Structures are given as structure tokens and as C-alpha cells.
Amino acid sequence: MSLAPLLDAAPAIPLHAFAATAAFFLGVIQLAAPKGKLPHRALGWLWVALMLVVALSSFWIHEIRLVGPWSPIHLLSIFALAMLALGVMAARTRNVRRHKITMISIFFGALVIAGLFTFMPGRIMHTVIFGP
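Note that the structure is predicted; figures quoted are calculated from it, not measured. (Residues numbered from 1 in each chain as written. Predicted model: local features only at pLDDT ≥ 70, side-chain atom pairs only at ≥ 80, totals over all residues. Heavy atoms only, no water.)

What follows covers helix 2 (residues 12–32). Think of an α-helix as 3.6 residues a turn; residues three or four steps apart then line up on the same face. Between its terminal C-alpha atoms helix 2 stretches 30 Å, which fits the 30 Å expected from 21 residues at 1.5 Å a residue. Regarding helix 2, the residues found buried are Ala-12, Ile-13, Pro-14, Ala-17, Ala-19, Ala-20, Ala-23, Leu-26, Gly-27 and Gln-30. (Helix = DSSP H or I, 4+ residues; strand = E, 2+ residues; numbered from the N terminus. Expected span 1.5 Å × (residues − 1). Buried < 20%, exposed > 50% of the residue type's maximum accessible area, 1.4 Å probe, protein only.)

See below:
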């Protein structure tokens, strides 16, 4: 395992990867911890900020190009941004059910499932974890 391929990549890629990793671990804590109290809210805002970094930084990553510089993963980023806004609005209006469903969906869709695709052969994270 070596961070060199990640650190040698364009600046948006390590920013994206480190923010996604932090959001993943913080998300696990958020899912396991008690809800509705000050720690959940404070960590939730930090998680939202990290997810904003993850989604926004993806627009400067063009490793996979299917339509010009874009790939389907960029559609996921747009979707994640919209869902983050909906999840925050749901929490602010005390719609706990909608907030829960939205945030869990973002966690699994944008971090877990999309994250697994970063470990496919030929991708930077595959090289980081498994070597060249």
C-alpha cells in the first residue's frame, strides 16, 4: 500500500479521496450514534461539509471521459448535491423520516457504492491499496 499514486495525482483527486474517506468514517459514527442531540447535529454539519467537498471536487476530476470531460459519476455528484440540500431541509423542518432516508441514501449511494468502484483495476485507489 502506498499513497504515492494518490498524492501524485491532480490536486482535486487527493482532496476528493481524503474528504470521501473522512465522510465515510464520520458517516459510520453518525449512523451508530444517538440521534437528535447536539453531537449528532454538529457532526452532521461537518459530514454535510465533507460531502459538499466530495461532490464539488468531482467536477475537477476527469479520469473517465464518456461525454466530453464528463462521466456518469458526475450525474451522481449533481444528485448528491440536490439530496444534501433536501436532507438538510428535512432536518430543519423536523421531518425526521425524510432526513433519515435521504442521508442514509447519500451515505450508501455516494460513499459506499460509488466508493467501491474506485477500487476497480486501473483506478488510482486500486493502485494505492493493491499496488501497480
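All right, on to the environment of Leu-76 then. In this structure, Leu-76 sits in helix 4 (residues 72–92). Among the residues examined, Leu-76 registers a relative accessible area of 25% and is labelled partly exposed. Taking the C-alpha atoms as reference points, Leu-76 and Ala-114, separated by 38 residues in sequence, lie 8.7 Å from one another. For Leu-76, the residues in contact, after removing those within four places along its chain, are Gly-109, Ala-110 and Ala-114. (Contact = heavy atoms within 4.5 Å.)

Moving on to the layout of surface pockets. One way to see where empty space is left: roll a probe the size of a water molecule over the atoms. The space that makes up the largest pocket amounts to roughly 1,000 Å³. Lining the largest pocket are 39 residues; nearest its centre among them are His-16, Ala-20, Ala-114, Gly-115 and Thr-118. Mapped by element, the contributors of at least two residues to the lining of the largest pocket are helix 2, helix 3 (38–57), helix 4, helix 5 (96–117) and helix 6 (124–130). The element contributing the most residues to the lining of the largest pocket is helix 5, with 9 residues. Within this model, the second largest pocket holds a volume of roughly 740 Å³. What lines the second largest pocket is a set of 22 residues, and nearest its centre among them are His-40, Arg-41, Ala-91, His-99 and Met-103. Going through the elements one at a time, helix 2, helix 3, helix 4 and helix 5 are the ones with two or more residues in the lining of the second largest pocket. (1 Å grid on protein atoms, 1.4 Å probe; cavity = no way out; pocket = protein on both sides within 12 Å on 5 of 7 lines; lining within 4 Å. Points joined across faces, edges and corners; volume = space filled by probe spheres on them.)

This part takes up the packing of helix 4 against helix 5. Between helix 4 and helix 5, the least distance of the axes is 8 Å, while the angle of their chain directions is 155 degrees. For the element pair helix 4 / helix 5, the angle class is roughly antiparallel. Both helix 4 and helix 5 take part in a crossing whose hand is left-handed. Across from Ile-73, Leu-76, Ala-80, Met-83, Leu-84, Leu-86, Gly-87, Val-88, Ala-90 and Ala-91 in helix 4, the residues of helix 5 making contact are Arg-98, His-99, Thr-102, Met-103, Ile-106, Gly-109, Ala-110 and Ala-114. (Axes fitted to C-alpha atoms, helices over the stretch in contact; angles between N-to-C directions. Parallel < 35°, antiparallel > 145°, perpendicular 65-115°, else oblique. Left-handed = near helix turned anticlockwise from the far one by under 90°.)

Taken together, Lys-37, Arg-41, Arg-92 and Arg-94 make up a surface patch of like positive charges. Positionally, Arg-94 belongs in the loop between helix 4 and helix 5. Judged by relative accessible area, which is 66%, Arg-94 ranks as exposed. (Patch = residues over 30% accessible without salt bridge, like charges linked within 9 Å, V, L, I, M, F, W, Y side chains within 5 Å. Areas by Shrake-Rupley, 256 points an atom, 1.4 Å probe, with all protein chains shown as cover. Salt bridge = Lys/Arg side-chain N within 4 Å of Asp/Glu carboxyl O. Lys, Arg positive; Asp, Glu negative; His and termini not counted. Charge placed at Lys NZ, Arg CZ, Asp CG, Glu CD.)

What follows covers the side chain of Ser-77. On the secondary structure map, Ser-77 appears in helix 4. Relative accessible area serves as the criterion here: at 7%, Ser-77 is assigned to the buried category. Setting aside its immediate chain neighbours within four residues, Ser-77 contacts Ala-55, Ser-58 and Phe-59.

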